[in-house]
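Residue-level structure breakdown
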Amino acid sequence: TLRHYKDPVFADKSVFYVGDDSVGDLWILTNDGMLRRKGSEEIFESIRTDKDNQPFFSMLCDKEGIWFGSTGKIYRFTYSSQELKVFCDLTEVSPEFRIKQILSPEEGHLMCCSHSGIILLDQATGGKVTELLLVGTWNYDAPAMRLEGENELANFAGNALTSSLTSKLQKAYDAVG
């Protein structure tokens, strides 16, 4: 069933992400907080942080709640408390780190992806940053590429990877003309 919602709660909002959680609620992440529709209810509840106009870009559900990515912050919503709290503040590490995707590559860790790199967080330490990955400048000049890092080891690994990728890209370009 297709429904068009004309509720004023949607006025002047840019939608960045729509997803559902394990309890059947629908979440809409916007430039101005979040909207949640519980189960099959028709009413959307506006959820904001203590800071007005906080954008939310991404979410990751687990059995206890939901992780939300914003600009420089990870928020945690727990099903038991029904509260949204800041889990980790990354603004000191990277103030404009817009968390576009959250992954959990292994138990106890969150991988936060942004336009400016990847940060790996440890859940057990309350969001302590354990690694900053791929932060640097990426240059692409078809069919070649160059990866630059912050140190010699990163540059060495980048050179090895670019050699392999360049070879594969060249084969693909040759195949399509």
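Heads up: these notes are all about the structure in this document. Bear in mind the structure is a predicted one, so any value in this text is a computation, not a measurement. (Residues numbered from 1 in each chain as written. Predicted model: local features only at pLDDT ≥ 70, side-chain atom pairs only at ≥ 80, totals over all residues. Heavy atoms only, no water.)

Concerning the nonpolar core
Trp67, Ile74, Phe87, Cys88, Leu90, Phe97, Ile99, Ile102, Leu110, Cys112, Ile119 and Leu121 form the largest nonpolar core, which has twelve residues in total. At the level of secondary structure, the elements contributing two or more residues to this core comprise β8 (83-89), β10 (109-114) and β11 (117-122). (Core = buried A, V, L, I, M, F, W, Y, C linked by side-chain atoms within 4.5 Å. Buried < 20%, exposed > 50% of the residue type's maximum accessible area, 1.4 Å probe, protein only. Helix = DSSP H or I, 4+ residues; strand = E, 2+ residues; numbered from the N terminus.)

Thoughts on unusual backbone geometry
The backbone phi angle of Gln82 is positive, close to 55 degrees, even though this residue is not glycine. With respect to the element layout, Gln82 can be found in the loop between β7 (73-78) and β8.

A look at the sheet that holds strand β6 (residues 65-70)
Taken in spatial order, the four strands make up an open sheet running β5-β6-β7-β8, and their pairing is antiparallel. Both edges of this open sheet fall to β5 (56-61) and β8, since each of them pairs with a single strand only. Within this sheet the neighbouring strands show an average axis-to-axis angle of 25 degrees, counted without direction. Across five bridges, the pairing between β6 and β7 is antiparallel. Looking at β7, one finds that Trp67 is bridged to Arg76. (Pairing = 2+ DSSP bridges. Axes fitted to C-alpha atoms, helices over the stretch in contact; angles between N-to-C directions.)

Some remarks on the layout of surface pockets
Approximately 210 Å³ is the volume found for the second largest pocket. Of the residues in the lining of the second largest pocket, the class split is four nonpolar, three polar and six charged. (1 Å grid on protein atoms, 1.4 Å probe; cavity = no way out; pocket = protein on both sides within 12 Å on 5 of 7 lines; lining within 4 Å. Points joined across faces, edges and corners; volume = space filled by probe spheres on them. Nonpolar A, V, L, I, M, F, W, Y, C, P; charged D, E, K, R; others polar.)

The values are spatial; any link to function lies outside them.
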